[in-house]
Amino acid sequence: MGKLKRKEYEQLLEPMQLELANMARWAQHTGQRVLALFEGRDTAGKGGVIQDIAKHLNPRQCRVVALPKPNEREDSQWYFQRHVAHLPAAGEIVLMDRSWYNRAGVEKVMGYCSDAQYKAFLKQAPVFEKLLVDDGILLFKYWLCVDQDQQEKRFAERRDDPLKGWKLSPVDLKSRQAYADYGKAREAMLEATHSNHAPWTLVDFNDQKLGRLSLIRDLLDRLPDTHIDDALIELPPLPGKPKKEKFGVVKPIPSFAVDEEAAKANTAGAA
């Protein structure tokens, strides 16, 4: 199968996003809590798939969590403690762009944690997740897979694109030399934390569009029946003619001047 064009991709994605919207209504109606973890190598595509899942959901209900490096106080806490504060409440959906599994990946490979801390994590993570699942949280754990040649292309794209340069960190540059080490760390993590109550799902993200479609389809298929009958919202007619905005103290800035030819050319290039 050849690479999907943007329009083809969006046509395939749209019905899934409708299902995601239905899922969000179901979660709100039932009080269900949904938690999805997205892990993988740098450039795998975690941010993109999270964006497509959350795109049409209420941001007050669906939260994206991407925690920064722990501060000095957080470093002194129980390792899982800062993540607990971001777990979903009733009716919420939480999408974690990296999670507590940082300890089994980047911290292990880059030497940011001790061997004792690493071993303790592998022992505690399944127990911690069992507590979450036993309390009723729907937990999904995804690992996004990408070959090194694709990873290199994406690193180069980040380097050359000023809009993506912020994604290229010093840690990313170091990780280029540790591709095999990250693979070994992932396998050790899977062996210790792939369980019946909280299994891992690996998704091929060498083609990011196909990867997103595969992951979202898997997520939707693993949810229980999320059908909720839509309540019909009536919009009674206005009592008079629609009113226009009126301004006194401050007036709007001038509207953006569109160069139609340039806009057409940009649209054609994006396709």
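Every residue gets a number counted from 1 within its own chain, in the order that chain's sequence is written. This being a predicted model, a pLDDT of at least 70 is required before a residue's local features are given, and a value of 80 or more before pairs of side-chain atoms are given or counted; all residues contribute to the totals for chains, interfaces and linings. Where side-chain values are given, they derive from all heavy atoms of the structure, hydrogens and water being excluded.

### Overview of empty space enclosed by the protein
Every definition here rests on a 1 Å grid over the protein atoms only: cavities are sets of points where a 1.4 Å probe fits but cannot get out, pockets are open sets enclosed by protein on both sides within 12 Å along at least five of seven lines, and lining residues have some atom within 4 Å of a point. Grid points are joined across faces, edges and corners, and a volume is the space filled by probe spheres set on the points. Considering all chains together, one arrives at 2 cavities of 30 Å³ or more under this definition. If you add up the space inside the largest cavity, you get close to 100 Å³. In terms of lining residues, the largest cavity is bounded by 14 residues, among which R98, Y101, G105, V106 and W143 are the most central. Helix and strand assignments follow DSSP, with helices taken as H or I runs no shorter than four residues and strands as E runs no shorter than two, numbered in order from the N terminus. When residues of the lining of the largest cavity are assigned to their parent elements, the largest contribution, 4 residues, is made by helix α9 (residues 179–193).

### Side note on the pattern of salt bridges
One speaks of a salt bridge when a side-chain nitrogen belonging to Lys or Arg is within 4 Å of a carboxyl oxygen belonging to Asp or Glu. Tallying each qualifying case throughout the model produces 18 salt bridges. Where R98 meets D42, a salt bridge forms, and the shortest distance between an N and an O atom there is 2.9 Å. Here D42 lies in the loop between β1 (34–40) and α2 (46–54) and R98 lies in the loop between β3 (93–97) and α5 (106–110), a separation of 56 residues in the sequence. The shortest N-O distance in the salt bridge between D115 and K119 comes to 3.1 Å. With D115 and K119 both in helix α6 (residues 115–134) and 4 residues apart, the pair spans about one turn of that helix. Among the charged side chains, a salt-bridge network with shared partners connects E19, R217 and D221.

### Looking at the sheet that holds strand β2 (residues 62–65)
We call two strands paired when DSSP finds no fewer than two bridges between them. What the 5 strands build is an open sheet, ordered β2-β3-β1-β4-β5; its pairing is parallel. The sheet terminates laterally at β2 and β5 (200–204), the two strands that pair on one side only. Shown here is a sheet whose adjacent strand axes are inclined to one another by a mean of 20°, direction ignored. Here a residue-residue contact requires only that any non-hydrogen atoms of the pair lie within 4.5 Å. Axis definition: a line fit to C-alpha positions, over the contact stretch in the case of helices; interaxial angles, taken between N-to-C directions, run 0 to 180 degrees. Against the sheet, helix α10 (residues 208–222) touches β1, β4 (138–145) and β5, its axis set at about 160° to β4.

### Description of the packing of helix α1 (residues 6–30) against α10
Look at α1 against α10: their axes get within 10 Å of each other, and the N-to-C directions meet at 15°. One element, α1, and the other, α10, form an angle in the roughly parallel class. Between α1 and α10 lies a crossing of left-handed hand. Every residue of α10 that contacts α1 at R6, Y9, L12, L13, M16, E19 and L20 is listed here: K209, R212, L213, I216, R217, L219 and L220. In this count, Pro and Cys sit with the nonpolar residues alongside Ala, Val, Leu, Ile, Met, Phe, Trp and Tyr, while Asp, Glu, Lys and Arg are called charged and the others, Gly among them, polar. Partitioning the contact of α1 with α10 into residue classes produces 9 nonpolar, no polar and 5 charged. For classification, angles of less than 35 degrees are called roughly parallel, those exceeding 145 degrees roughly antiparallel, those between 65 and 115 degrees roughly perpendicular, and all remaining angles oblique. Crossing handedness follows the turn of the near helix against the far one: under a right angle anticlockwise gives a left-handed crossing, and clockwise gives a right-handed one.

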